[in-house]
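Take a look at the letters that make up each chain.
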Protein chains: 4
Amino acid sequence: MPDVKIIGATGYGGLGMVELLLRHPEFRIAAVAATQDVGKPLSAVWPYLEGYCDLPLHAPDAPDFLAVPADVVVCSTPDGVGMVNAGRELSAGRKFLDFSGDFRFNSEDLYAEYARRLGKDPQHKAPELLPRAVYGLAELHRDELGRADLVGNPGCFAVSCILGLAPAVGDGLVERAGIVCDCKSGISGAGKKPSPSHHYPERYDSMNAYRLSGHQHVMEVERELTNLAGAEIAVAFTPQVVPVCRGILSCLYGRLAPGIDQKRLLSAYREFYAASPFVAVKDAASPVATGDVRESNRCVVTVAADERTGTFRAISHIDNLLKGQAGSAVQNLNLMFGYPETLGLDRPAAHP
Amino acid sequence: MPDVKIIGATGYGGLGMVELLLRHPEFRIAAVAATQDVGKPLSAVWPYLEGYCDLPLHAPDAPDFLAVPADVVVCSTPDGVGMVNAGRELSAGRKFLDFSGDFRFNSEDLYAEYARRLGKDPQHKAPELLPRAVYGLAELHRDELGRADLVGNPGCFAVSCILGLAPAVGDGLVERAGIVCDCKSGISGAGKKPSPSHHYPERYDSMNAYRLSGHQHVMEVERELTNLAGAEIAVAFTPQVVPVCRGILSCLYGRLAPGIDQKRLLSAYREFYAASPFVAVKDAASPVATGDVRESNRCVVTVAADERTGTFRAISHIDNLLKGQAGSAVQNLNLMFGYPETLGLDRPAAHP
Amino acid sequence: MPDVKIIGATGYGGLGMVELLLRHPEFRIAAVAATQDVGKPLSAVWPYLEGYCDLPLHAPDAPDFLAVPADVVVCSTPDGVGMVNAGRELSAGRKFLDFSGDFRFNSEDLYAEYARRLGKDPQHKAPELLPRAVYGLAELHRDELGRADLVGNPGCFAVSCILGLAPAVGDGLVERAGIVCDCKSGISGAGKKPSPSHHYPERYDSMNAYRLSGHQHVMEVERELTNLAGAEIAVAFTPQVVPVCRGILSCLYGRLAPGIDQKRLLSAYREFYAASPFVAVKDAASPVATGDVRESNRCVVTVAADERTGTFRAISHIDNLLKGQAGSAVQNLNLMFGYPETLGLDRPAAHP
Amino acid sequence: MPDVKIIGATGYGGLGMVELLLRHPEFRIAAVAATQDVGKPLSAVWPYLEGYCDLPLHAPDAPDFLAVPADVVVCSTPDGVGMVNAGRELSAGRKFLDFSGDFRFNSEDLYAEYARRLGKDPQHKAPELLPRAVYGLAELHRDELGRADLVGNPGCFAVSCILGLAPAVGDGLVERAGIVCDCKSGISGAGKKPSPSHHYPERYDSMNAYRLSGHQHVMEVERELTNLAGAEIAVAFTPQVVPVCRGILSCLYGRLAPGIDQKRLLSAYREFYAASPFVAVKDAASPVATGDVRESNRCVVTVAADERTGTFRAISHIDNLLKGQAGSAVQNLNLMFGYPETLGLDRPAAHP
């Protein structure tokens, strides 16, 4: 029964890990840490966990936290935190999974470009670890994750886009130029920190696009697609916020490659995901909504060739906090520790 | 002070007309009709109107309703109703404005194709009137509307797409092939009739795309764009529903024409709409949300050239019930009767 | 591993049972029935269950459904259905749990009054079974439920009111006259059937009280409180609907009995629920929201004596679909089959 | 055409004034002030006002702001600001209306108690002005408002409770002891400042009671009711927050006085409000929701005697930002300047 330590346990990512691990038959939460409310039980900060997770919050760098034995450390923190903790934990023989962009890239250059988009220091703090990091999207990196001890969990938008585009890009069903990702996210994707634009009355009946000049998640998408295509892919990405709590609906567009029709698309997608238990492929006539994946680890991809205009369309539905974050993390932990991929995650959406 | 009769006064379109005309300094509501609740005051069906509009509901074809004098009849009804009423009213010397697709097309063939998409009888009931109908989008047809006595008010999605694309298509800033309209609508766009997919718990935390095989509004969009381009334009259109009440956010994509950059886009859009008081053009860095146009007749268009990928992007924000429906209708009535275009409509969004 | 058959599997109550039983370590869903969509898999009606519950829907009275072996039948149907099915199942040696009011009362007279409030036939169809029925609120009837084979699951409003008032009424901390139940419910409490008042745009920014002349759930409340008090209790009940999906917030008022203060209230409540794992008692300063119990089987009761005005206040928080319906049902099944009360239910709210 | 200066123009109260005055036929906005964003146009802070109110924001105490001529100053600011500005403006011959509690009480003692509840300095800064202040609830103080030059606009909860209880308390229809105010508010009532409990994901599917130990608005309620009754009235008050944007639904309870029935209640309420154009009285069977008053200045009061239990019930519906704040303020300005009470406010709710 592997022990897990969670750094950043009081954010939405950390809470997601706590909720999932509480019902996981194998993993056990050994200790939790956060930078605020140190000394309080987690359930004093989040009363809904009372009786379920009353572990005290440690400071992430406090000796008592570091001394708690564990098999893996999950770092659900902003960019820049995981990279200063990973080396120590790996040296101590623990596996390490990070929620930020710190270990999503294998090269210092890519990281630097990513960090610049966020206005962060482009110099990675542990560049020697980068070649060892595995990108935590099980559907594309299942085997590597089975051998990994350092995993960079993907961005939520990236999960939805990559899963929605991978079969088409990998099989050359869509032209490489002109791919567009139109992505709508619920607000939980912005984390727990209050801000004017996510204040309830401001968000109540309002939706908007943002960061039109370039969201940082696009880099993961392009890197993965480029690897699949064997040629460079650049995508136009339009992140949007809509007033739902959980859910990402990504509409993915491109030019259909010559001769590709709906039937061909559908069979390619189904084949691509045949061994992926959390991805379901639907044709254009199937009704699907993000509500169908809410609080589940599933990704449902609808493919809909618009043959009249020659447009490729795939629509990807995930819960941004599960398949887009903590659910993928547990899926990755399962693989890293040799458990069945679906262990502790195999349940449908909650409805309504 | 022109008198207006409203057919279909109890739906969202009709209520929008009632609300707007109640505060309009010139038009007067002479009589209201609906197929249900005949004989009751409108305010018995919709108590929020008590003391504001207590006119009795007539049957649309009842002699007492037909006998009420009026200068214009507004038909806010499903497809197929306006076409059987328009001829009679026009013969009686009244102007006629219809909210459905009945008079959005000037040819029987286009109408037939439109009707087929809706599963309706493709045979128009008053084909002799079609050549006389003017498409009710003031920003493109201001002069014709000033002379019109028969107006087909546009579809809400169409308003958002056409206004967002017209300058680019008209000036050749975007390539004609490969235009994509990714359109998110609030639920009021579906009208007042309850349905399983708009039942509150089903819609609460859920968004989805629908009618992927072809929404009927795309035909108006293509017709208008084709006229502007002087060459055929076909667009891929993805209607989506998100859990807001009012608002359409349309992200419009294409390939930037050679040499077109953000600066050129912005100046072309600003010039195009220089004389249009309800359209505001913003650049990519301006924060805009559908909340900024809620309960106003404004359309805000953000243009955002993605020069890295060569992608044209315009994002169009409207209130689907105002600029997308009743607001455009009042704007059209103003033009039809020689009033300033903004009369009775010149107010900002309601916030929050 | 007891087998469960579910009648009414496609409504919110039935879906709640399916979701809970899918993750229950002991119960197994043997068959599902509904009056519509017979022959389709449950997952064809509700695609989010695809791969999780693909059992075909039977007609409730079809021989093939009746022939499926089972240990218990759960009837999640409108009033009047359980009473015509219970006798047959009990005779076949199966236990029976009903979600409607059919078996919430032990006398024909009480049932008749209940049925009249709903505009239903006041004559019970299986009066001989009524004395045998146990009211399915484990916190008050734990021992009887352990011996029961026929259970009437309580109404959602009733659960929240009874749990919030029982200690005060049972211990005489509140005066018997003048008790008020001010109850706010999310819309899922109204079931899956679309209606004008729960159409998304109508409900979006709107809340209201309804059925002011007497909601049917008040009868259960008064019966249970009267039993606890040993003297007749009548309560004024104001059901309200607010635009949330899940949750009941019941504010319960009365006159504090002489000498009763906050400290006494708090200790009485804590003692009363000491052996009830799903009820938590909080004092007035603790922040609690219905979000803290969403998707959990917990009931959190805040007691807040207003000593300045002599007013007793208790505030009860539940998820109407879990502790208010399917969660209580599984809790009852656990007791009926000798399992620990919390089996399969022991998890916190989902957040956010 | 009286000129109005607004201090605190960027909050929800100030924006409400701006929106209402923009469409008011008589008042003109002369200048706007705020403590932040000084120098920017109001429309740079709130882009939805672009083209409608582009006046620059002044610092409230800047000479250029003070020098702008005006007939009345509206102070839409937190407690403590109005009291340091009122004297100067009154001396300059301007009328003054304040949105906070600064001028809701005529005595230093009552103010001190109010301030203590908010954790503020109990010493009023301009006690000599208190006797001159009029409480800005037109339905109870119409004549005084017609002569007033200093008005304390009421609290939003207070408006809903006082209007709902005044006729019953004034006529002795309800017993003086044991009155309960159960009040549900939309989140805009908390103002524009982001906070963890109003962060969208936290508030999404969650409602709660708060400040159970005593909300400051209860003091206004008790003072007004005590005046009406001619004897001291204390009420138990339970403020609650529900996830809507606008609206207060207050359920008001008490013991029916001997012999009082529904008919008597209804006629007393109707008579009481016969001359109040913004208050409508409904009986228990009328469907009413807060949506019926959203974005209007109306208050709808439903009276519903529960004769079975002897319980008085009145349910009060307002828009917290209009009748609960800026709408009442404009109604008061109308009276202060001799205009018809309804001028610029006479419009129905916006629907949906």
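Here's a quick rundown of the structure. (Residues numbered from 1 in each chain as written. Chains lettered and ligands numbered in written order. Predicted model: local features only at pLDDT ≥ 70, side-chain atom pairs only at ≥ 80, totals over all residues. Heavy atoms only, no water.)

**Here we look at the overall build of chain A**
Selection criterion: Secondary structure counts use DSSP, requiring at least four H or I residues in a row for a helix and at least two E residues in a row for a strand, with both numbered from the N terminus. Only C-alpha atoms enter the radius of gyration, while the globule expectation follows 2.2 Å times N to the 0.38, with N the number of residues. Under the scheme applied here, a residue whose accessible area is under 20% of the maximum for its type counts as buried, over 50% as exposed, and between as partly exposed, the area being computed with a 1.4 Å probe on protein chains only. Whether two residues are in contact is decided by their heavy atoms: any pair within 4.5 Å suffices. Only the protein chains shown count as cover for residues, and the accessible areas themselves come from Shrake-Rupley with a 1.4 Å probe. His is not counted here, nor are the chain ends, while Lys and Arg score as positive and Asp and Glu score as negative. In this description, the location of a charge corresponds to atom NZ of lysine, CZ of arginine, CG of aspartate or CD of glutamate.
The secondary structure content of chain A amounts to 11 helices and 14 strands. On C-alpha atoms alone, chain A measures out to a radius of gyration of 20 Å, which is about the 20 Å that the 2.2 N^0.38 rule sets for 352 residues. Seen through its C-alpha atoms, chain A measures out along the principal axes to roughly 65 × 45 × 40 Å. Put simply, chain A has 352 residues, and 67% of those count as buried. Residue pairs at least 24 apart in sequence account for 70% of intrachain contacts in chain A once pairs closer than 6 positions are excluded. In the structure as shown, chain A presents an accessible area of about 11,000 Å², 50% of it carried by carbon and sulfur atoms. Counting 34 positive and 41 negative side-chain charges, chain A places the centres of these two groups 2 Å from one another.

**A few points about the packing of helix 6 (residues 138–147) of chain B against helix 11 (residues 322–336) of chain B**
The axes of two packed helices give the description: the angle between them and the distance between them. Residues and elements named next belong to chain B. The line we're drawing: Fitted lines through C-alpha atoms serve as axes, helices being fitted only where they are in contact, and the angles separating the N-to-C directions of these axes extend from 0 to 180 degrees. Handedness of a helix crossing follows the sense of rotation of the near helix relative to the far helix, less than a right angle counterclockwise being left-handed and clockwise being right-handed. Charged residues are taken to be Asp, Glu, Lys and Arg, nonpolar residues to be Ala, Val, Leu, Ile, Met, Phe, Trp, Tyr, Cys and Pro, and polar residues to be all remaining types, Gly included.
With their axes 9 Å apart at the nearest point, helix 6 and helix 11 run at an angle of 35° to one another. Helix 11 is crossed by helix 6, and the crossing has right-handed handedness. Each of Ala138, Glu139, Arg142, Leu145 and Gly146 in helix 6 lies in contact with helix 11, whose residues at this interface are Lys323, Gln331, Asn332, Leu335 and Met336. Residues of the contact of helix 6 with helix 11, tallied by class, amount to four nonpolar, three polar and three charged.

**Let's talk about the sheet that holds strand 5 (residues 95–98) of chain A**
Residues and elements named next belong to chain A. For clarity, the threshold we go by: Pairing between strands is defined by DSSP: at least two bridges between them are needed.
The strand order 3-2-1-4-5-7-6 describes an open sheet built from seven strands, whose pairing is parallel. Lying at the two open borders of the sheet, with one neighbouring strand each, are strand 3 (57–58) and strand 6 (134–135). Relative to strand 2 (residues 28–33), strand 1 (residues 3–7) runs parallel, the two being bridged by five bridges. Paired with Asp3 across the bridge in strand 2 is Arg28.

**Thoughts on the pattern of salt bridges**
Two side chains bearing opposite charge may form a pair once their charged atoms approach each other closely. The criterion, for reference: For this document, the term salt bridge refers to a Lys or Arg side-chain nitrogen within 4 Å of an Asp or Glu carboxyl oxygen.
Applying the stated criterion to the full structure yields 80 salt bridges over all chains. Between Glu220 of chain B and Arg104 of chain B there is a salt bridge, with its nearest N and O atoms 2.6 Å apart. Pair noted here: Glu220 of chain B is in helix 9 (residues 218–229) and Arg104 of chain B is in the loop between strand 5 (95–98) and helix 5 (108–117), with a separation of 116 residues, a long-range link. Side by side, Glu220 of chain B and Arg104 of chain B carry an identical accessibility label, which is buried. In this structure, a network of salt bridges that share partners links the residues Asp182 and Lys184 of chain A together with Asp182 and Lys184 of chain B.

**Points about the relation of the copies chain C and chain A**
In plain terms, the rule: The copies are overlaid by a least-squares fit using only the C-alpha atoms of residues whose pLDDT is at least 70 in both copies.
For the match of chain C to chain A, the screw axis carries a shift of 0.0 Å, the RMSD comes to 0.0 Å, and the turn is 180°. Taken together, the rotation and translation describe the operation of a two-fold axis. Comparing contact sets, 100% of the residues at the interface of chain C also lie at the interface in chain A, consistent with an isologous, same-surface contact.

**Some details on empty space enclosed by the protein**
Formally: A 1.4 Å probe that fits into a set of points on a 1 Å grid over the protein atoms alone but cannot get out defines a cavity; an open set with protein on both sides within 12 Å along at least five of seven lines defines a pocket, and lining residues are those with an atom within 4 Å of a point. Grid points are joined across faces, edges and corners, and a volume is the space filled by probe spheres set on the points.
Counted by the stated rule, this structure contains 18 cavities of 30 Å³ or more. The volume enclosed by the largest cavity comes to roughly 150 Å³. Considering the residues around the largest cavity, the lining is formed by 17 residues, among which Glu19, Arg23, Arg246 and Arg347 of chain A together with Ala350 of chain C are closest to the centre. Among the elements that line the lining of the largest cavity, the one with the most residues is helix 1 (residues 12–22) of chain A, at four residues.

**Looking at the interface of chain C and chain A**
For the record, the criterion: Buried area: the accessible surface (1.4 Å probe) lost by two parts on joining, summed over both. Under this definition, polar contacts are N or O atom pairs within 3.5 Å; protein pairs additionally need one hydrogen-donor-capable and one acceptor-capable atom, and for neighbouring residues in sequence, both atoms have to be side-chain atoms.
With 30 residues of chain C at the contact, the number on the chain A side is 30 residues. Buried surface at the junction of chain C and chain A, both sides included, amounts to about 2,800 Å², of which 52% is carbon and sulfur. A salt bridge links Glu50 of chain A to Arg298 of chain C; the nearest nitrogen and oxygen atoms lie 3.9 Å apart. The interface formed by chain C and chain A includes 13 residue pairs in polar contact (both at pLDDT 80 or more). For the side of chain C that touches chain A, the element with the most residues is helix 1 (residues 12–22) of chain C, which contributes four residues. Here the side of chain C that touches chain A is composed, by residue class, of 16 nonpolar, two polar and 12 charged.

**Thoughts on unusual backbone geometry**
Note that the residue after His351 of chain B, namely Pro352 of chain B, is joined by a cis bond; omega there is -5°. The phi dihedral of Asp37 of chain A falls on the positive side, at around 60°, and the residue is not glycine. Within the secondary structure layout, Asp37 of chain A lies in the loop between strand 2 and helix 2 (42–45). Using a relative accessible area of 30% as the deciding quantity, one classes Asp37 of chain A as partly exposed. One non-glycine residue, Arg211 of chain B, lies in the positive phi region at around 45°. Mapped onto the secondary structure, Arg211 of chain B falls in the loop between strand 9 (208–209) and helix 9.

**Structural notes on the sheet that holds strand 1 (residues 3–7) of chain B**
The strand order across the open sheet built from seven strands is 3-2-1-4-5-7-6 (chain B), with neighbouring strands paired in parallel fashion. The open sheet has two edge strands, strand 3 (57–58) and strand 6 (134–135) of chain B, and neither has a second partner.

**Points about the packing of aromatic side chains**
We apply this condition: For this analysis, a ring pair means two rings from Phe, Tyr or Trp (six-membered ring only for Trp) whose centres lie within 6.5 Å, classed as stacked if their planes differ by under 30 degrees, edge-to-face if by over 60, and tilted for the remaining angles. Lysine NZ or arginine CZ positioned within 6 Å of the ring centre and within 35 degrees of the ring normal marks a charge as sitting over the ring.
Here the structure, examined in full by the defined rule, presents 39 aromatic pairs over all chains. Summarising the aromatic geometry, the rings of Trp46 of chain C and Tyr48 of chain C are spaced 6.5 Å apart at their centres and angled 75° between planes, so their arrangement reads as edge-to-face. On the basis of relative accessible area, Tyr48 of chain C is assigned to the buried category, the value being 0%. Centre to centre, the rings of Phe27 of chain D and Phe337 of chain D are 5.4 Å apart; their planes meet at 80°, and the pair counts as edge-to-face. Here Phe27 of chain D, found in the loop between helix 1 (12–22) and strand 2 (28–33), pairs with Phe337 of chain D, found in the segment after helix 11 (322–336); they are 310 residues apart in sequence, far enough to count as distant. Linked through ring pairs, Tyr200 and Tyr204 of chain A, Tyr200 and Tyr204 of chain B, Tyr200 and Tyr204 of chain C together with Tyr200 and Tyr204 of chain D together constitute an aromatic cluster. One residue, Lys5 of chain D, lies across the ring of Phe65 of chain D, its end atom 4.7 Å from the ring centre.

**Quick look at the pairing of strand 8 (residues 179–185) of chain C**
Residues and elements named next belong to chain C. In terms of burial, strand 8 is a largely internal element, seven of the seven residues being buried. Side chains Ile179, Cys181, Cys183 and Ser185 project from strand 8 onto one buried face, and the interleaved Val180, Asp182 and Lys184 project onto a second face that is buried too. Sheet analysis places strand 8 next to strand 10 (residues 235–241), joined by seven bridges and oriented parallel. Note on strand 10: the bridge partner recorded for Cys181 is Phe237. Here strand 8 pairs with strand 11 (residues 248–255) via six bridges, running antiparallel. When the sheet's bridge partners are listed, Lys184 is paired in strand 11 with Leu249.

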